[in-house]
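# Reading the structure
Here's the letter readout for the chains.
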Amino acid sequence: MTPRRTLLLMLATACASFALVWAWVIAMPMTFMESEYGAWHAKEVMLNRCDLGDTIILGDSRAAADILPARLDGRATNLAIGGGEAVEALALLRRALACPHPPRRVVLSFDAGHFSRPDLFWERSVRFGFLSAADIAELRRVSEATADPSVYQERRTDILPDRLRDWLRLAHFPTYDFPSLLHGGVFLRVLHNRHMLAATLASRGQYSFGTAPGSDEVAVEGHLATFRPLPVLDHYFNEIVSMLDRRGIETVFLPMPVNDATYRRITPALLTGFTAYLHAYAARYRWFRVAGEIIPHRPDSAFGDEFCHMNPPAADRYSQELAQRLQAAPPSTQNDAQNGWLSGTGRAASANVVPISKRGS
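These remarks concern the structure in this document. (Residues numbered from 1 in each chain as written. Predicted model: local features only at pLDDT ≥ 70, side-chain atom pairs only at ≥ 80, totals over all residues. Heavy atoms only, no water.)

## Quick word on the sheet that holds strand S6 (residues 288-290)
To be explicit about the condition: When DSSP finds at least two bridges between two strands, those strands are taken to pair. Only runs of H or I of at least four residues qualify as helices and only runs of E of at least two qualify as strands under DSSP, and these elements are numbered from the N terminus. Inter-axis angles, ranging from 0 to 180 degrees, are taken between N-to-C directions of lines fitted to C-alpha atoms, where helices are fitted over the stretch in contact.
Taken together, the 5 strands give an open sheet; going across it, the order is S2-S1-S3-S4-S6, and neighbouring strands pair in parallel fashion. In the strand order of this sheet, the two ends are held by strand S2 (76-78) and S6, each with one partner. The mean inter-strand angle of the sheet, taken between neighbouring strand axes irrespective of direction, is 20 degrees. The pairing of strand S4 (residues 250-253) with S6 spans 3 bridges and is classified as parallel. By the bridge assignment, Phe253 is partnered in S6 with Val290.

See the structure below:
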């Protein structure tokens with residue numbers, strides 16, 4: 001063979017190999033994606049089937065771990081995801097509301113950190129296929145309108161034009177998934193992800209993170225000096241609440257507990273700011289309510305890791321307690337609400353905190 005033919009053959013072989021890898025990445029994500037992928041895929045399956053029930057939970061990983069739908073009264077689905085923020089929640093909500101029988105109650109739950117800084121938008125939400133091209137285009141427009149590119153440009157290291165970068169991400173260009181392919185041994189994670197898929201479907205969306213018998217590590221709330229929501233995330237949160245309010249759907253913001261170690265490090269400025277922020281929404285929208293305290297807390301033994309995810313036994317107890325209070329009559333006085341109705345012990349919230357009602361159930 002001539003040198004030219006040899007070069008052409010090598011180039012063709014390289015292109016064919018790259019195309020095969022790209023096809024594998026697109027067609028077989030269950031075989032190599034991180035262990036959480038199976039749980040996310042389960043939520044996609046339930047959304048595609050419109051198998052949601054009367055109540056859905058939207059939020060971050062604490063809500064995903066702490067709320068067991070099987071313990072709640074009636075049929076419920078936990079659509080909360082690790083690193084989830086209002087951007088992902090809005091995309092999920094739109095899909096849920098497009099179902100023939102949309103939910104009648106929506107529970108929202110985000111910690112203070114998921115209002116004030118980006119998390120895993122590109123690393124999880126886009127790479128796991130949770131968001132569409134339209135969702136990313138909307139984020140680009142909202143980021144420009146709010147002059148806040150913090151989520152859209154999260155962990156940006158390349159110099160590609162924005163739209164090209166977006167297309168490559170959505171097309172699952174192999175270079176973005178190569179670390180997962182390498183660490184996952186190309187196909188060695190398939191059994192684990194299949195197990196996670198089946199388990200998460202069986203639990204109607206709930207899945208655990210930390211499983212240790214206790215944790216005294218300080219979570220994000222203990223490291224925030226004050227509460228400053230990002231403009232882009234506030235825009236999306238407002239869109240969620242206003243959309244539900246227009247439809248007359250009961251919307252409950254349910255803060256997840258933190259451990260005592262974190263609670264002791266929370267600053268008054270953070271608590272005051274977060275409280276004022278949520279109560280402003282409660283005053284603005286008829287169907288939006290804040291249930292219980294803004295930052296409740298529980299013993300360190302209830303948590304399985306440094307991120308304040310409840311361990312399975314504590315999550316089960318919490319969900320049973322939540323179910324009982326969802327069915328209970330509203331408290332007779334505002335003091336009852338302030339003293340921990342639904343959320344357990346913790347710092348008292350202001351009188352604007354309103355318990356979950358029977359409306360819409």
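## Things to note about the pattern of salt bridges
Selection criterion: We define a salt bridge as a contact between a side-chain nitrogen of Lys or Arg and a carboxyl oxygen of Asp or Glu at a distance within 4 Å. The classification of residues rests on relative accessible area computed with a 1.4 Å probe and restricted to protein chains. Under 20% of the type maximum is buried, over 50% is exposed, and intermediate values are partly exposed.
Overall, the coordinates contain 18 salt bridges when judged by the stated rule. Residue Arg71 is joined to Asp316 by a salt bridge in which the shortest nitrogen-to-oxygen separation is 2.7 Å. Of this pair, Arg71 sits in the loop between helix H3 (61-66) and S2 while Asp316 sits in helix H14 (residues 312-327), and the two are 245 residues apart along the sequence. For Arg71, a relative accessible area of 39% translates into the label partly exposed. Through salt bridges with shared partners, a single network forms among Glu34, Glu36, Glu123, Arg124, Arg127 and Asp177.

## Describing a nonpolar patch on the surface
Operational definition: Like charges within 9 Å and nonpolar side chains (Val, Leu, Ile, Met, Phe, Trp, Tyr) within 5 Å are joined into patches, using only residues over 30% in relative accessible area that form no salt bridge. Surface exposure here means Shrake-Rupley accessible area, sampled with a 1.4 Å probe, where a residue is shielded only by the protein chains that are shown.
A cluster of nonpolar side chains, namely Trp24, Met28, Val186, Phe187 and Leu188, defines an oily patch on the protein surface of about 470 Å² accessible area. The class for Trp24 is partly exposed, based on a relative accessible area of 31%.

## A word on helix H13 (residues 268-284)
Which entries qualify depends on this criterion: To estimate the expected span of a helix, subtract one from its residue number and multiply by 1.5 Å. Contacts were defined at the residue level, with two residues in contact if any of their heavy atoms lie within 4.5 Å.
Taking 1.5 Å per residue as the helical rise, H13 with its 17 residues ought to reach 24 Å, and the 24 Å between its terminal C-alpha atoms agrees with that figure. Listing the buried residues of H13 in full gives Leu270, Leu271, Phe274, Thr275, Tyr277, Leu278, His279, Tyr281 and Ala282. Tucked inside the fold, the buried residues of H13 contact helix H5 (113-116), helix H11 (231-247), S4 and S6.

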